[in-house]
Amino acid sequence: SAVFRRLASSCYGRWLLAFAVLLQLAAVLAFGWSFYWSWTLVEPSRNAGFPVLAAFGGFAILGGIALGVQALSARVMGSLRSWSPARLQGRPPYKQIRRPFATAAFLGLMGETLIVDTVPAYACLIVGSLLIHGLLELGEWELRLRLAESRDYLSRTPRYIPRLRRRQEDKA
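The following refers to the structure shown. As the structure is a computational prediction, the values presented were derived from the model and not from experiment.

Rules used throughout
- Residues numbered from 1 in each chain as written.
- Predicted model: local features only at pLDDT ≥ 70, side-chain atom pairs only at ≥ 80, totals over all residues.
- Heavy atoms only, no water.
- Helix = DSSP H or I, 4+ residues; strand = E, 2+ residues; numbered from the N terminus.
- Polar contact = N/O pair within 3.5 Å; in protein donor to acceptor, adjacent residues only side chain to side chain.
- Contact = heavy atoms within 4.5 Å.
- Axes fitted to C-alpha atoms, helices over the stretch in contact; angles between N-to-C directions.
- Parallel < 35°, antiparallel > 145°, perpendicular 65-115°, else oblique.
- Nonpolar A, V, L, I, M, F, W, Y, C, P; charged D, E, K, R; others polar.
- Salt bridge = Lys/Arg side-chain N within 4 Å of Asp/Glu carboxyl O.
- Expected span 1.5 Å × (residues − 1).
- Buried < 20%, exposed > 50% of the residue type's maximum accessible area, 1.4 Å probe, protein only.
- Core = buried A, V, L, I, M, F, W, Y, C linked by side-chain atoms within 4.5 Å.
- Patch = residues over 30% accessible without salt bridge, like charges linked within 9 Å, V, L, I, M, F, W, Y side chains within 5 Å.
- Areas by Shrake-Rupley, 256 points an atom, 1.4 Å probe, with all protein chains shown as cover.

By the element assignment, arginine 98 lies in the loop between helix H4 (85–89) and helix H5 (100–116). Separated by 2.9 Å, the side chains of arginine 98 and glutamate 140 make a polar contact. Arginine 98 has contacts with Glu140, Tyr153, Leu154, Thr157, Pro158 and Arg159, leaving out every residue within four places of it along the chain.

Next up, the structure:
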């Protein structure tokens, strides 16, 4: 986190940044290896009893790809047209959810887990989801500290799942 890095750099110097980057790289590589290991550890069940799980997994992957493409196109259009952050927040999917890339990644990972259908894959899905949620919570905490104007967007827009109906104050 940038806040922690700034606070610690005054005490420990520049080598702390290089050490933090090395630790982050090692964590990403270790977590990626654990996903690979968990999916090769147990022979997949091929969803013999539950072909519906494989179908839901395929639809989850397609939904994740569609959401990721929509979020990426909004980001690219926003950067090409030099949109302000407020204008990007008013465009889909950022108007409905704050973290479309994280939601797309979770849908893809959940779809792969449903297709593979092994216990270690479910364990990695749960651990990965908790870690990603924790990192995003830390990033939003830091954003609230740095940019006071982001609090309105963070309070009115859900993080992962869009609201199905309007709040009472929106109707009034």
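On to the packing of H5 against helix H6 (residues 119–146), then. In contact at an axis separation of 9 Å, H5 and H6 are set at 170° when each is read in the N-to-C sense. Compared by their axis directions, H5 and H6 come out roughly antiparallel. Between H5 and H6, the contacting residues are Ala102, Phe106, Leu109, Met110, Thr113, Leu114 and Val116 on the first element and Ala121, Tyr122, Leu125, Ser129 and Leu136 on the second. When its residues are assigned to classes, the contact of H5 with H6 shows ten nonpolar, two polar and no charged.

Another aspect to go through is the pattern of salt bridges. In total, this model carries three salt bridges according to the counting rule given. With its nearest N and O atoms 3.2 Å apart, the salt bridge here joins arginine 99 to glutamate 140. Note that arginine 99 is positioned in the loop between H4 and H5 and glutamate 140 in helix H6, a separation of 41 residues in sequence. Among the salt bridges present, the one from aspartate 152 reaches arginine 156, with a minimum N-O distance of 3.2 Å. Here aspartate 152 pairs with arginine 156, and both are found in helix H7 (residues 150–156), just four residues apart, close to one helical turn.

Residues lying three or four places apart along an α-helix face the same way, a consequence of the helix completing one turn every 3.6 residues. With 28 residues, H6 ought to run about 40 Å at 1.5 Å a step, and its terminal C-alpha atoms sit 41 Å apart, in line with that. By the burial criterion, the buried members of H6 are Pro120, Ala121, Cys124, Leu125, Gly128, Leu136, Glu140 and Glu142.

Our focus in this paragraph is the side chain of glutamate 140. By relative accessible area, which is 1% here, glutamate 140 ends up buried. Other than its neighbours up to four places away in sequence, glutamate 140 contacts Arg98, Arg99, Leu154 and Arg159.

Okay, the nonpolar core next. Ala71, Ala74, Trp83, Leu88, Tyr94, Tyr153 and Leu154 together form the largest nonpolar core, which totals seven residues. Those elements that place two or more of their residues in this core are helix H3 (51–80) and H7.

Let us now look at a nonpolar patch on the surface. A cluster of nonpolar side chains, Val52, Phe56, Phe59, Leu62, Ile65 and Val69, forms an exposed patch at the surface whose accessible area comes to about 650 Å². Secondary-structure assignment places phenylalanine 56 in helix H3. Overall, phenylalanine 56 belongs to the exposed group, its relative accessible area being 52%.

Before going further, it helps to spend a moment on H3. The end-to-end C-alpha separation of H3 is 43 Å, in line with the 44 Å expected for 30 residues at 1.5 Å each. Each element contacted by the buried residues of H3 is listed here: H4 and H5. Positive backbone phi, at 55°, marks serine 82, one or two positions downstream of H3.

Any functional reading would require information beyond the geometric quantities listed.
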